[in-house]
Amino acid sequence: MTDRILLVEDDPINVKFIQTVLVKKGGYEVLVSEEVDEILRLAREAGLKAIIMDVSLSRSSYQGQKVDGIFITKLLKQDEATRRIPVLLATAHAMFGDREKYLELTGAEGYISKPIHDPAALIDAVKSVTGG
């Protein structure tokens, strides 16, 4: 069975690039969503190998409130059914110290800066959190 990655991303160009790299270079099956209820359901039911989580989501909401990838990652890490799925945070707002702050704040296993230009670096980042 092909390893499944959930990509939580709101930019269609990033979705296409990341999805293409993960499928063609990594051999992964990629599911894409920015809907929080669907993300939580997929995390519980889809047998995910990892989640790539955009930190800054523009259209995601949960229980009527606008939320970002930090909030969603915290939800995943607080749930016994989903806490063991490795989360790789992805953000364009990378300033000195952000990596450590975001990892500590969320419990995520990894972090990658956007824009992502290097397919090999993306695959390496995914493998670093999945143990593959």
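Residues numbered from 1 in each chain as written. Predicted model: local features only at pLDDT ≥ 70, side-chain atom pairs only at ≥ 80, totals over all residues. Heavy atoms only, no water.

Trainee: For this particular structure, what's the right way to read the packing of aromatic side chains?
Mentor: The way to describe two aromatic rings as a pair is by their centre distance and the angle between their planes. Within this structure, the stated rule accounts for two aromatic pairs. Pairing Tyr62 with Phe71 gives two aromatic rings, centres 5.9 Å apart and planes at 50°, and the pair type is tilted. Classification of Phe71 by relative accessible area gives partly exposed; the value is 34%. Their ring planes at 25° and their centres at 6.2 Å tell us that Tyr102 and Tyr111 sit as a pair that is stacked. (Phe/Tyr/Trp six-rings, centres within 6.5 Å; stacked < 30°, edge-to-face > 60°. Buried < 20%, exposed > 50% of the residue type's maximum accessible area, 1.4 Å probe, protein only.)

Trainee: Which parts of the structure should I look at to understand unusual backbone geometry?
Mentor: Excluding glycine, residues mostly have negative phi values, and the peptide bonds linking residues are mostly trans. Along the chain, Lys114 connects to Pro115 via a cis peptide bond; the corresponding omega equals 5°. By the element assignment, Pro115 lies in the loop between strand E7 (110-113) and helix H5 (119-130). A positive phi angle is found at Gln63, which is not glycine, with a value near 50°. Looking at where Gln63 falls in the secondary structure, it is placed in the loop between strand E4 (61-62) and strand E5 (65-66). (Helix = DSSP H or I, 4+ residues; strand = E, 2+ residues; numbered from the N terminus.)

Trainee: I'm lost on the nonpolar core in this one. Help?
Mentor: Side chains that are nonpolar tend, in soluble globular proteins, to be buried together. Residues Leu6, Leu48, Ile51, Met53, Ile72 and Leu89 are the most contacted members of the largest nonpolar core, which totals 27 residues. In terms of residue count, the dominant contributor to this core is helix H2 (residues 36-45) (five residues). Excluding residues that lie within four positions of it along the chain, Ile51 makes contacts with Leu6, Val8, Ala43, Leu76, Ile85, Pro86, Val87 and Leu88. Counting 19 residues, the second-largest nonpolar core is a separate cluster that includes Ile18, Val21, Ala50 and Val126. (Core = buried A, V, L, I, M, F, W, Y, C linked by side-chain atoms within 4.5 Å. Contact = heavy atoms within 4.5 Å.)

Trainee: What exactly am I supposed to notice about the sheet that holds E7 here?
Mentor: Pairing between the strands of a sheet comes from backbone hydrogen bonds, and it takes one of two forms, parallel or antiparallel. Strand order in this open sheet of five strands is E2-E1-E3-E6-E7, and the pairing throughout is parallel. Single-partner strands in this sheet number two, and they are strand E2 (29-32) and E7. Pairs of neighbouring strands in the sheet enclose a mean axial angle of 25°, with direction left out of account. Pairing between strand E3 (residues 48-54) and strand E6 (residues 87-91): four bridges, direction parallel. Bridge pairing in E6 links Ile51 to Val87. (Pairing = 2+ DSSP bridges. Axes fitted to C-alpha atoms, helices over the stretch in contact; angles between N-to-C directions.)

Trainee: Is there a simple way to explain the pattern of salt bridges in this structure?
Mentor: When the charged atoms of two side chains with opposite charge come close together, those side chains can pair. Under the defined criterion, the tally for this structure stands at ten salt bridges. Salt-bridge contacts for Arg41 lead to Glu45; the nearest nitrogen and oxygen are separated by 3.6 Å. Pair noted here: Arg41 and Glu45 are both in helix H2, with a separation of four residues, about one helical turn. Residue class for Arg41 comes out partly exposed when judged on its relative accessible area of 37%. One salt bridge connects Asp54 with Lys114, and the closest N-O pair in it is separated by 3.0 Å. Highlighted residues: Asp54 in strand E3 and Lys114 in the loop between E7 and H5, separated in sequence by 60 residues. Here the two residues Asp54 and Lys114 agree in accessibility, since each one is buried. A cluster of three or more residues bridged by salt bridges with shared partners is formed by Glu9, Asp54 and Lys114. (Salt bridge = Lys/Arg side-chain N within 4 Å of Asp/Glu carboxyl O.)

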